[in-house]
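# What the coordinates show
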Amino acid sequence: MIEKLMKAGKIHAEIMEEAVNLIKPDAKLYDVAEYVENKTRELGGEVAFPCNISINDIAAHYTPIYGDEKVFSENDVVKLDVGVHVDGYIADGAITIDLSNSYKDLKKASEDALYTVIKEIIPPMNIGKMGEIIQEVIESYGYKPISNLSGHVMEQYVLHSGISIPNVKEKSKDYIDVGDIVAIEPFATDGFGRVFDGNEKHIFKYIKSRPLRLPSARKILKIIEKKYPHLPFAERWLANEDPKYRAGLRNLMSSGCIYGYPTLIEKNHGMVSQTEHTVLITENGAKITTKK
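Summary of the structure given here. For clarity, every value in this text was computed on a predicted model and none was experimentally measured.

### Overview of the overall build of the protein
- Tallying secondary structure elements over the protein gives 6 helices and 17 strands in all.
- For the protein, the C-alpha radius of gyration of 19 Å lies close to 19 Å, the compact-globule estimate for 292 residues.
- With the principal axes as the frame, the protein shows a C-alpha extent of 55 × 40 × 35 Å.
- For the protein, with 292 residues in total, the buried portion stands at 55%.
- Put simply, 76% of the contacts in the protein that link residues at least 6 apart link residues at least 24 apart.
- Of the roughly 13,400 Å² that the protein leaves accessible, carbon and sulfur atoms contribute 48%.

Following this line, the structure appears as structure tokens:
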């Protein structure tokens, strides 16, 4: 398990190092996402979830659609969130790229919060205490943590195994302990400090099979069951499978076969930064797997 987890983390670190250089004004989001996912496979890993490229007040869950023409601008604050797995053992990490050079402290707030809480981990550690550390660091920069976003404990082929790592102080009886695989991801904002669900959904997860009338929906469901039974997938991954894939996806959602993740937008449309690493909890503390 540890060998596969560390391999996934090594692949993740290499991809992030290269992908940063692709994020620049006038570059297409689609090209960056495709590069990240193709490079993951080229290096011997698999994609744990679609490449998230969330800009400015969008905190999470945006991935380009098929033929997406959106480009980066010189004023963008970009969150790149990437997932790699090796036989289901996941490396999940994110960085913020400030193309505007106007939000250095906002970026630093989420980075400092992440590394501070990682250094403070002594197992078993209460997750509410972790949230308190994250909140204190972000607020020391004059920003707000996003209270309804959190990190998560992961298991093989499971991104969210049940325990969440809050970004604010909470009263909780939950602990992380030796052997846990934990994605810690502080979000900082100059806005309200909460996100709401946007209208767009481009990332999905298989839930269960049901009888379907629409032929395109039945075809897409078979593909999903075969290729993406455990982890999230992107709408654009289905584009080459069936020209009617959008109608099929809508039918699968309305039938309860799949779940669509909405884009998450800051409540007051404030700028958002995110920094994330995956750590393995050991007797000596937390070992970062997604760092060279």
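Past the structure itself, the notes keep going.
### Concerning the packing of aromatic side chains
- In total, this model carries 4 aromatic pairs according to the counting rule given.
- A ring pair is formed by Y228 and F233, whose centres lie 5.3 Å apart and whose planes are at 15 degrees; its orientation type is stacked. Here Y228 matches F233 in class, with each residue buried.
- Grouped by ring-pair contacts, the aromatic residues F204, Y228, F233 and W237 constitute a single cluster.
- Positioned above the aromatic ring of F192, the side-chain terminus of K144 is 5.7 Å from the ring centre.
- Sitting over the ring of F192, K267 keeps its end group 4.1 Å from the ring centre.

### As for the sheet that holds strand β6 (residues 144-145)
- Judged by pairing direction, the sheet is antiparallel, and its 3 strands sit side by side in the order β6-β11-β15 without closing on themselves. The sheet is open, and its two edges are formed by β6 and β15 (272-274), each paired on a single side.
- Pairing of strand β11 (residues 187-189) with β15, which is carried by 3 bridges, proceeds in the antiparallel orientation. Within the sheet, the bridge partner assigned to A188 lies in β15 and is S273.
- Where helix α3 (residues 104-120) meets the sheet, it contacts β11 and β15, and its direction lies at approximately 35 degrees from that of β15.

### Observations concerning the sheet that holds strand β12 (residues 195-206)
- On the basis of which strands lie adjacent, the open sheet formed by 4 strands has the order β2-β14-β12-β13 and antiparallel pairing. In this open sheet, the two strands that pair with only one neighbour each are β2 (58-60) and β13 (233-234).
- Looking at chain direction, β12 and strand β14 (residues 258-266) are connected through 8 bridges and run antiparallel. Note on β14: the bridge partner recorded for K205 is Y259.
- Sheet strands in contact with helix α6 (residues 245-254) are β12, β13 and β14, and its direction is about 95 degrees off that of β14.

### Considering the packing of α3 against helix α4 (residues 127-140)
- Interaxial distance between α3 and α4 falls to 8 Å at its minimum, and their mutual angle equals 145 degrees. Here α3 runs over α4; the crossing is right-handed. In this structure, α3 uses A109, D112, A113, T116, V117 and E120 to contact α4, whose residues at the interface are M130, I133, I134, V137 and I138.
- The class makeup of the residues in the contact of α3 with α4 is 8 nonpolar, 1 polar and 2 charged.

### Examining the packing of helix α1 (residues 2-19) against helix α2 (residues 29-42)
- Orientation of α1 relative to α2, taken along the N-to-C sense of each, is 145 degrees, at an axis distance of 10 Å. Like other packed secondary-structure pairs, α1 and α2 cross with a definite hand, here right-handed. Along the contact surface, α1 presents I11, I15, E18 and A19, while α2 presents Y35, V36, K39 and T40.
- In the contact of α1 with α2, the residues fall into 5 nonpolar, 1 polar and 2 charged.

### Remarks on α6
- Among the residues of α6, those classed as buried are Y245, G248, L249, N251 and L252. Across the axial projection of α6, the buried residues extend over an arc of 165 degrees, all falling on one side. Exposed residues lying more than 90 degrees from the buried face of α6 are R250 and S254.
- Of the surrounding secondary structure, the elements contacted by the buried residues of α6 are β12, α5 (215-227), β13 and β14.
- G256 occupies a position one or two residues after α6 and carries a positive phi of about 80 degrees.

Reading the values: rules and limits
- Residues numbered from 1 in each chain as written.
- Predicted model: local features only at pLDDT ≥ 70, side-chain atom pairs only at ≥ 80, totals over all residues.
- Heavy atoms only, no water.
- Helix = DSSP H or I, 4+ residues; strand = E, 2+ residues; numbered from the N terminus.
- Rg over C-alpha atoms; globule rule 2.2 N^0.38 Å.
- Buried < 20%, exposed > 50% of the residue type's maximum accessible area, 1.4 Å probe, protein only.
- Contact = heavy atoms within 4.5 Å.
- Areas by Shrake-Rupley, 256 points an atom, 1.4 Å probe, with all protein chains shown as cover.
- Phe/Tyr/Trp six-rings, centres within 6.5 Å; stacked < 30°, edge-to-face > 60°.
- Lys NZ or Arg CZ within 6 Å of the ring centre and 35° of its normal.
- Pairing = 2+ DSSP bridges.
- Axes fitted to C-alpha atoms, helices over the stretch in contact; angles between N-to-C directions.
- Left-handed = near helix turned anticlockwise from the far one by under 90°.
- Nonpolar A, V, L, I, M, F, W, Y, C, P; charged D, E, K, R; others polar.
- Arc of directions from axis to C-beta.

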